[in-house]
Amino acid sequence: MFSDDLKKMARPILEEIYHHPFVTGIAKGQVAKKALIFYVEQDYRYLTEFIKIYANAIIKLDSRQDMAFFSDAINFILNNESFPHQVFCQIADVDYKKLQHADPAPKAYLYKSHMHQAVDTGSLLTVLAAFQPCPWTYTEIAKKQISEGANNQRNPFTPWINFYGESSDDGNEPLANQIFLWMDRLAARSSDKEKNQARDFFLKSCELEWQFWEEAYYQQDWRFKKSHSTASGDFIKWSNSNIQKF
Ligand SMILES: Cc1ncc(C[n+]2csc(CCO)c2C)c(N)n1
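Along each chain, numbering runs from 1 in the same order as the chain's sequence is written. Given that this is a predicted model, residues contribute local features only at a pLDDT of at least 70 and side-chain atom pairs are listed and counted only at 80 or more, while totals for whole chains, interfaces and linings are drawn from all residues. Values reported for side chains reflect all heavy atoms of the structure, with hydrogen atoms and water molecules removed beforehand.

Right, let's talk about the overall build of the protein chain for a bit. When you go through the protein chain residue by residue, the secondary structure sums to 12 helices and zero strands. Reading the protein chain from its N end, one meets helices and strands in the order α-α-α-α-α-α-α-α-α-α-α-α. Rg of the C-alpha trace for the protein chain: 20 Å, near the compact-globule value of 18 Å for 246 residues, within the 12% margin. With the C-alpha coordinates of the protein chain rotated into their principal frame, the extents come out at 65 × 50 × 30 Å. Going through the 246 residues of the protein chain one by one, you find that 45% of them count as buried. Any two residues whose heavy atoms approach within 4.5 Å are treated as being in contact. Contacts in the protein chain between residues far apart in sequence, at least 24 positions, make up 81% of those at least 6 positions apart. We count a stretch as a helix when DSSP gives it H or I for four or more residues in a row; a strand needs E for two or more, and each element gets its number in order from the N terminus. Throughout, the radius of gyration refers to the C-alpha atoms, and the reference size of a globule is 2.2 Å times the residue count to the power 0.38. Here's how the labels work: a residue is buried when its accessible area is under 20% of the maximum for its type, exposed when over 50%, partly exposed in between, all with a 1.4 Å probe on protein chains only.

The next point concerns the site of the ligand. Near is defined per residue: the residue qualifies when any heavy atom it owns lies within 4 Å of the molecule or strand. The environment of the ligand is formed by 16 residues, the closest being Asp 43, Glu 81, Cys 134, Tyr 138 and Glu 209. Any pair of N or O atoms that falls within 3.5 Å is considered a polar contact. Within protein, one atom must be able to donate a hydrogen and the other to accept it, and sequence-neighbouring residues count only if both atoms are side-chain atoms. Side-chain polar atom of Glu 81 to a nitrogen atom of the ligand: 3.2 Å apart, as the coordinates give it. Computed on the free molecule, the ligand has an accessible area of 440 Å², of which 97% lies beneath the protein chains in the complex. Going through the elements one at a time, helix 3 (33–59), helix 4 (64–79), helix 8 (133–147) and helix 11 (192–217) are the ones with two or more residues in the shell around the ligand. The dominant element in the shell around the ligand, judged by the number of residues it contributes, is helix 3, at five residues. Grouping the amino acids of the shell around the ligand by side-chain chemistry returns 13 nonpolar, no polar and three charged. The accessible surface values rely on the Shrake-Rupley method and a 1.4 Å probe; as for residues, cover is taken only from the protein chains in view. Just so you know the grouping, Ala, Val, Leu, Ile, Met, Phe, Trp, Tyr, Cys and Pro go in nonpolar, Asp, Glu, Lys and Arg go in charged, and all remaining residues, Gly too, go in polar.

In this structure, Glu 209 sits in helix 11. Judged by its relative accessible area of 4%, Glu 209 is buried. Sequence separation between Glu 209 and Ile 13 is 196 residues; the distance between their C-alpha atoms is 9.2 Å. Leave out the neighbours within four places in its chain, and Glu 209 touches Ile 17, Tyr 111, Pro 133, Cys 134, Thr 137 and Tyr 138.

And the structure:
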């Protein structure tokens, strides 16, 4: 099966995600506040962009059933995904509202551009492949942490772990499995070229999931961030003075 190949190829990346210090920190109940804050700032912006990316994907679809999938994904982000952010904010002792205005840092910027590229240039198989590492890696992280007993009463991250580990427990096939099944059906009638493109987007998204943890753990921002903000500040001043002038 196509999805078995993808899982096999992504295995080394998933292993690195399991052992990333941010992720093992969640299991141990110990992550630096500045890393949690950076993560929430970046993820809030990233998920807002995800909503737009799904909306763009819907434009390319014809079947209402397919549309419903992306519409459910949008609703999930709008209504449920703030819960894990709130868990992080509570642990870091910060107000969630204050973390909702950050500029995308380099890897988050790359991930969102990568997703837009999947929708702009790819088939439905490629869009699903690019999207899949988002639910898949989080479900796998949570399942592993639950199997190791990390979701215990002493761990402040337990609600976060349970959220991603249990959100699939509603009687339906877990979301990540549903997407793999759907991808297998599409792959069966896709050309090798289409399958190669989907594989490439899938593996890059897996790596970008790892990069997202890494970026937050070390707070890797734009090196010349101050000059970017000065540039936009100057532009506003420049246009204001122009308005006054004319
Ligand atoms: C970088 C990043 N990757 C994955 C998730 C988790 N996540 C976001 S939406 C969703 C469900 C499907 O829409 C899941 C599991 C995240 N928060 N941030």
